[in-house]
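In case you want the letters, here they are:
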Amino acid sequence: MAHPDLRQPDGVPGFAHGKLGWKELQDAETGEPRINLRIRRPGATTSLQLSKSEWEAFSGIGTVVEE
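Residues numbered from 1 in each chain as written. Predicted model: local features only at pLDDT ≥ 70, side-chain atom pairs only at ≥ 80, totals over all residues. Heavy atoms only, no water.

Student: Please clarify how the overall build of the chain should be interpreted in this entry.
Tutor: Counting secondary structure elements, the chain contains one helix and five strands. Counted from the first residue to the last, the chain has its helices and strands arranged as β-β-β-β-β-α. Counting over 67 residues, the chain shows a buried share of 22%. Accessible surface computed for the chain: about 5100 Å², of which carbon and sulfur atoms make up 49%. (Helix = DSSP H or I, 4+ residues; strand = E, 2+ residues; numbered from the N terminus. Buried < 20%, exposed > 50% of the residue type's maximum accessible area, 1.4 Å probe, protein only. Areas by Shrake-Rupley, 256 points an atom, 1.4 Å probe, with all protein chains shown as cover.)

Have a look at this one:
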């Protein structure tokens, strides 16, 4: 996945790869919906929060592989 706000534990900015999971949450202060993304791979987890409009415009890169 590519997004300028992504930060991997190994220091590579803007990119993450692994198993994608997401959950819609509500911001406690504003009440606005937020999408919490988690990208997991062995030994590392990267997360990112997007607004609802960012999520709707989001386009991931890559291929879905079912295990």
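Student: Looking at this model, I keep getting lost on the nonpolar core. Mind explaining?
Tutor: One recurring pattern in soluble globular proteins is that nonpolar side chains are buried together. Counting nine residues, the largest nonpolar core is built from Met1, Leu6, Ala16, Ile35, Leu37, Ile39, Leu48, Leu50 and Trp55. Among the secondary structure elements, those contributing two or more residues to this core are strand S4 (33-41) and strand S5 (44-51). Among the elements that take part in this core, S4 stands out by supplying three residues, more than any other. Discounting residues that sit within four places of it in the chain, Ala16 has contacts with Met1, Leu6, Gln8, Ile39 and Thr46. (Core = buried A, V, L, I, M, F, W, Y, C linked by side-chain atoms within 4.5 Å. Contact = heavy atoms within 4.5 Å.)

Student: Explanation requested: the sheet that holds strand S3 (residues 19-26) in the structure shown.
Tutor: Sheet strands line up and pair through hydrogen bonds in the backbone, either parallel or antiparallel. The strand order across the open sheet built from three strands is S3-S4-S5, with neighbouring strands paired in antiparallel fashion. With partners counted over all chains shown, the strands left at the sheet margins are S3 and S5, one partner each. Strand-to-strand twist across the sheet, computed as the mean angle between neighbouring axes with direction ignored, equals 20°. Sheet topology note: the S3/S4 ladder contains eight bridges and is antiparallel. Bridging across to S4, Gln26 finds its partner in Pro33. (Pairing = 2+ DSSP bridges. Axes fitted to C-alpha atoms, helices over the stretch in contact; angles between N-to-C directions.)

Student: Can you help me understand the packing of aromatic side chains in this one?
Tutor: A ring pair, where both rings are aromatic, is described by two values, the distance of the centres and the angle of the planes. Inspection of the entire model under this criterion finds one aromatic pair. Ring centres of Trp22 and Trp55 lie 5.1 Å apart, and the angle between their planes is 40°; this geometry places the pair in the tilted category. Of this pair, Trp22 sits in strand S3 while Trp55 sits in helix H1 (residues 52-57), and the two are 33 residues apart along the sequence. (Phe/Tyr/Trp six-rings, centres within 6.5 Å; stacked < 30°, edge-to-face > 60°.)

Student: What should I look at first to understand the environment of Arg7 in this one?
Tutor: Take Arg7: it is sitting in strand S1 (residues 2-7). Judged by relative accessible area, Arg7 falls into the exposed class, the value being 52%. Separated by 38 residues in the primary sequence, Arg7 and Thr45 place their C-alpha atoms 10.0 Å from one another. Dropping the residues within four chain positions of it, Arg7 is found in contact with Val12, Pro13, Gly14 and Thr46.

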